[in-house]
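Residues per chain, in single letters:
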Amino acid sequence: MALSELLASPVVVAPMAGGPSRPALVAGAASAGAFGFLAAGYKTVPALLGEIAAVRAAGVTAFGVNVFVPGEPALDGGALAPDALAPDALARYVASLGGEPGRPEWDDDAYDQKISALLADPPAAVSFTFGCPSPPVISAFRRSGSVVIVTVTSLEEALVAAEAGAEALCVQGVEAGAHRGTFVNDDDALARDYGLLSLLAIVGSACDLPLIAAGGLMTAAQVRAVRTVGAVAAQCGTAFLRCPESGAHPLHKAALVDPLSTATALTRAFSGRPARGIVNDFMLAHPDAPAAYPEINNATRPLRAAAAAAGDTSGMSLYAGQGFRLALDLPAAEVAAMLAGVRLG
C-alpha cells in the first residue's frame, strides 16, 4: 500500500511518547480524516498491543505506530551496572541532580520484542525515530503491508533511509518539539540542524520518496506552506497537546498558555538526547548534560515524576515545539480539521 492511500487529509498526528499519544487522541483526530500515530516508546509490549486494540475497537484502521531505534550505550560507560562504573561525565551529571535519581542504565526499549509484535499484527504504517532500522526489518514490514516511514533530520540521513528501503520520510525541522530524530547522538548533532523549509527543499531535491513535514506546524497556513514546497502531509504534535483526548499532564497543558512560558530551547538535561521543550529551571541548571541516552532519561525519570506529583513544572520535561503558544484547547477532531483547512459537519 502506498502512503497516499492512507492519507485522507494532509494532517498526521505525531507520535508523542510518554503519555500524550493515547488511543483516544488517534481516534478523535481520525474522525476528521487525520492519520494518527501511537508511540511505542517507553511502553511495554502488552501496553502497546492494548493501545492498538483500543484504536481498532474505535473503528480506526488507518493509523501507525512509531518505534525508537536503539543506539549504542554511552561510549565510556557500557551497561552502567553499578554506579561506581559510570563514566566520569555521566557520574558527575547524576550526582548534580540531587534528590533520588534513578539508575543511569542503558536499555533498548524492548526493540526486538516490539518489532516481532508489530510484524505479527501489522498496523497500516510503522515509523522509526533515532535511526534507520536494518533493511531486513524494513523488508519484513513492507511484506506485511505496513508502510515504512523513517524520521530524518538531514540529507545524509534521508539517503541512508532511502537506501535501506524506506517508503516515505518524516522530515523533522529544528522547530519540532520533543526529541530530535537524529541518527547519531553526538556533540555536533545540534550544529547540523536545519529549519524545516530548508530541510524539505534539500531532501526533496535529492530524494523522490514522499515527504511528511514535521516541525512547529500549528496552523492551516503552515500546513499549506509545507505542502507547497513538496511535502505530502504535515505531522503535528504540539498542536494536539491541549486536546482533551491528549494524555499530556495537566500541568504540561497549562504551561503551554502560561505567560511565564516565554520560549523553547533544545536540551539534553532530561534524557541525554537533544529535545525541545519550554525553558524551565531544570534545563537552565543542567546546560552541559552529556550525550548519554537512555541512561540520563532513566536517571531523571523519578525526579521528573516527583516534580509532576508536587505540581512543580520547574522540574518537568515540558516538551513542545516553537509554536506552542498557538496550541488550542479543542477536541482532536476540531484541531485536525482546522489544520487541514476544512469545516467539520
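Residues numbered from 1 in each chain as written. Predicted model: local features only at pLDDT ≥ 70, side-chain atom pairs only at ≥ 80, totals over all residues. Heavy atoms only, no water.

Colleague: Please give an account of the overall build of the chain that cites residues and values.
Modeller: Counting its secondary structure elements, the chain contains 13 helices and eleven strands. Relative to its length of 345 residues, the chain is compact, with a C-alpha radius of gyration of 19 Å against a globular reference of 20 Å. Referenced to the eigenvectors of the C-alpha coordinate spread, the extents of the chain come out at roughly 55 × 45 × 40 Å. Within the chain, buried positions represent 56% of all 345 residues. (Helix = DSSP H or I, 4+ residues; strand = E, 2+ residues; numbered from the N terminus. Rg over C-alpha atoms; globule rule 2.2 N^0.38 Å. Buried < 20%, exposed > 50% of the residue type's maximum accessible area, 1.4 Å probe, protein only.)

Colleague: Can you tell me about the nonpolar core, naming the residues and giving the values?
Modeller: Ranked by size, the top nonpolar core spans 74 residues in total, and within it Val65, Val67, Phe128, Leu169, Val171 and Phe240 carry the most contacts. Counting residues per element, this core draws most heavily on helix H13 (residues 332-340), at six residues. One finds Val94, Ala275, Ala299 and Leu303 within the second-largest nonpolar core, a separate group that totals 16 residues. (Core = buried A, V, L, I, M, F, W, Y, C linked by side-chain atoms within 4.5 Å.)

Colleague: Let's hear about the sheet that holds strand E11 (residues 275-278): which residues, and what values?
Modeller: Hydrogen bonds between backbone atoms are what pair the strands of a sheet, whose relative direction is either parallel or antiparallel. The strand order across the open sheet built from three strands is E7-E11-E10, with neighbouring strands paired in antiparallel fashion. Edge strands, defined here as strands with exactly one partner in the open sheet, are strand E7 (178-179) and strand E10 (264-267). Two elements, E7 and E11, share two bridges in a ladder whose sense is antiparallel. Its bridge partner lying in E11, His179 is registered against Ala275. (Pairing = 2+ DSSP bridges.)

Colleague: Got a sec to walk through the pattern of salt bridges? Specific residues and values, please.
Modeller: Per the stated rule, a full pass over the model turns up six salt bridges. Salt-bridge contacts for Arg56 lead to Asp121; the nearest nitrogen and oxygen are separated by 2.7 Å. Of the two residues, Arg56 is situated in helix H3 (residues 45-57) and Asp121 in the loop between helix H5 (111-120) and strand E4 (125-129); the sequence distance between them amounts to 65 residues. Assessed through its relative accessible area of 30%, Arg56 is described here as partly exposed. For Asp109, the salt bridge goes to Lys114, with nearest N and O atoms at 3.2 Å. When its relative accessible area of 19% is taken as the criterion, Asp109 is described as buried. (Salt bridge = Lys/Arg side-chain N within 4 Å of Asp/Glu carboxyl O.)

Colleague: Give a detailed account of H5, specifying residues and quantitative values.
Modeller: Within the sequence span of H5, burial applies to Tyr111, Lys114, Ile115, Ala117 and Leu118. For H5, the arc enclosing every buried residue in end-on projection is 165°, short of the 170-degree limit, so these residues lie on one face. Of the residues in H5, the exposed ones pointing more than 90 degrees away from the buried face are Asp112 and Ala120. For H5, the secondary structure elements touched by its buried residues are H3, strand E3 (63-68), E4 and helix H6 (135-144). (Arc of directions from axis to C-beta. Contact = heavy atoms within 4.5 Å.)

Colleague: Break down the sheet that holds E4 for me, citing the residues and quoting the values.
Modeller: Taken in spatial order, the eight strands of this closed barrel run E1-E2-E3-E4-E5-E6-E8-E9, and their pairing is parallel. Averaged over all pairs of adjacent strands, the angle between strand axes in this sheet comes to 25°, irrespective of strand direction. Direction of pairing for strand E8 (residues 211-214) relative to strand E9 (residues 233-236): parallel, over a ladder of three bridges. Note on E9: the bridge partner recorded for Ala214 is Gln235. Packing of H3 onto the sheet brings it into contact with strand E2 (35-39) and E3, and relative to E3 it is tilted by some 165°. (Axes fitted to C-alpha atoms, helices over the stretch in contact; angles between N-to-C directions.)

Colleague: Can you break down the environment of Arg268 residue by residue, with the values?
Modeller: Mapping Arg268 onto the fold places it in the loop between E10 and E11. For Arg268, a relative accessible area of 12% corresponds to the buried category. A distance of 3.1 Å separates the side chain of Arg268 from the side chain of Asn185, its partner in a polar contact. (Polar contact = N/O pair within 3.5 Å; in protein donor to acceptor, adjacent residues only side chain to side chain.)

Colleague: Summarise the layout of surface pockets; cite the residues concerned and give the values.
Modeller: Reported here for the largest pocket is a volume of approximately 1,100 Å³. In terms of lining residues, the largest pocket is bounded by 45 residues, among which Met16, Ala17, Pro20, Ala178 and Tyr319 are the most central. Breaking the lining of the largest pocket down by element, the ones donating at least two residues are E3, E4, strand E6 (168-172), E7, E9 and helix H12 (295-309). Broken down by element, the lining of the largest pocket gets its largest block of residues, five residues, from H12. (1 Å grid on protein atoms, 1.4 Å probe; cavity = no way out; pocket = protein on both sides within 12 Å on 5 of 7 lines; lining within 4 Å. Points joined across faces, edges and corners; volume = space filled by probe spheres on them.)

Colleague: Give me the lowdown on the packing of helix H7 (residues 155-164) against helix H8 (residues 196-206), citing residues and values where you can.
Modeller: Interhelical geometry of H7 versus H8 gives an angle of 40° and a closest axis separation of 9 Å. As judged from the angle between their axes, H7 and H8 are oblique. Relative to H8, the crossing made by H7 is right-handed. Of H8, the residues touching H7 (which contributes Leu155, Ala158 and Leu159) are Leu199, Ile202, Val203 and Ala206. Looking at the contact of H7 with H8 residue by residue, the class counts come to seven nonpolar, no polar and no charged. (Parallel < 35°, antiparallel > 145°, perpendicular 65-115°, else oblique. Left-handed = near helix turned anticlockwise from the far one by under 90°. Nonpolar A, V, L, I, M, F, W, Y, C, P; charged D, E, K, R; others polar.)

Colleague: Summarise the confidence of the model for the chain; cite the residues concerned and give the values.
Modeller: In the predicted model, the chain carries a mean pLDDT of 93, and 95% of its residues have values of at least 70. Contacts for the low-pLDDT stretch residues 77-85, under 50 throughout, to residues beyond four places or in other chains number 18 contacts. (pLDDT = per-residue confidence, 0-100.)

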